[in-house]
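Spelled out, the chains give:
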Amino acid sequence: MKNVKVAPSLLSADFSRMADEVVRIEDAGADLLHLDVMDGIFVPNITFGPKMVKDIKKCSRKPLDVHLMIVDPAKYADAFMDAGADILSYHIEAEKGKDLINKIKARGIKCGLVISPDTPISEL
């Protein structure tokens, strides 16, 4: 397989020791860090916001893959890009059209489009 990358999710990290956890994950060979941002509305769980991304960026040597699992990703995209997201992904169920894709790319940040398991691929 070519270009396989390992991107552990920081959801399994000990949030009280985040800097140490980032170092541990990177030293184990991670290629990038995956940060699941959840708002408690789009998905039932709540995780963290732009401040956590900004703080993780300070101690990480690897790119940050920020996955927005939130209701209004266009409203918050700039805050997460400003915080240090190197890749910003969002769900097609939360934001239709190409405006947000174009906005992210215009900032020089990689963009990903995500679909939930129940969503037909034709939505893309």
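My aim in this report is to walk through the structure given alongside it, one point at a time. Note that this is a predicted model, so its numbers are computed, not measured.

**Overview of the overall build of the protein chain**
Helix and strand counts for the protein chain stand at four helices and four strands. For the protein chain, the sequential pattern of α-helices and β-strands runs α-β-α-β-α-β-α-β. Here the C-alpha radius of gyration of the protein chain, 14 Å, is about what a compact globule of 124 residues would show, namely 14 Å. Projecting the C-alpha coordinates of the protein chain onto the three principal axes gives extents of approximately 40 × 35 × 30 Å. Across the 124 residues that make up the protein chain, the buried fraction comes to 40%. Considering only intrachain contacts with a sequence separation of at least 6, the fraction spanning at least 24 residues in the protein chain is 55%. Roughly 7200 Å² of accessible area belongs to the protein chain as shown, and the carbon and sulfur atoms make up 54% of that amount.

**Brief notes about the side chain of Glu-26**
Examined against the element boundaries, Glu-26 turns out to sit in helix α1 (residues 18–27). In this structure the side chain of Glu-26 is engaged in a polar contact, spanning 2.9 Å, whose partner is the backbone nitrogen of Arg-61. Engagement of the side chain of Glu-26 in a polar contact is seen with the backbone nitrogen of Lys-62, the distance being 3.1 Å. For Glu-26, the contacting residues outside a window of four places in its chain are Leu-33, Cys-59, Ser-60, Arg-61 and Lys-62.

**Here we look at helix α2 (residues 50–59)**
If you check which residues of α2 are buried, you get Met-52, Val-53 and Ile-56. Buried positions in α2, seen along its axis, are confined to an arc of 100° and lie on one side of it. α2 presents Lys-51 and Lys-58 as exposed residues on the side facing more than 90 degrees away from its buried surface. Buried residues in α2 make contact with α1, β1 (33–38), β2 (64–69) and α3 (73–83).

**Points about the pairing of strand β3 (residues 87–91)**
Most of β3 sits out of view: four of its five residues are buried. Sheet topology places β2 next to β3; four bridges connect them, and they run parallel. The residue of β3 that forms the bridge with Leu-68 is Tyr-90. For the handedness criterion, the β-α-β arrangement of β2, α3 and β3 is classed as right-handed. Relative to strand β4 (residues 110–114), β3 runs parallel, the two being bridged by five bridges. The residue of β4 that forms the bridge with Tyr-90 is Leu-113.

Reading the values: rules and limits
Residues numbered from 1 in each chain as written. Predicted model: local features only at pLDDT ≥ 70, side-chain atom pairs only at ≥ 80, totals over all residues. Heavy atoms only, no water. Helix = DSSP H or I, 4+ residues; strand = E, 2+ residues; numbered from the N terminus. Rg over C-alpha atoms; globule rule 2.2 N^0.38 Å. Buried < 20%, exposed > 50% of the residue type's maximum accessible area, 1.4 Å probe, protein only. Contact = heavy atoms within 4.5 Å. Areas by Shrake-Rupley, 256 points an atom, 1.4 Å probe, with all protein chains shown as cover. Polar contact = N/O pair within 3.5 Å; in protein donor to acceptor, adjacent residues only side chain to side chain. Arc of directions from axis to C-beta. Pairing = 2+ DSSP bridges. Right-handed = clockwise from strand over helix to strand, strands pointing away.

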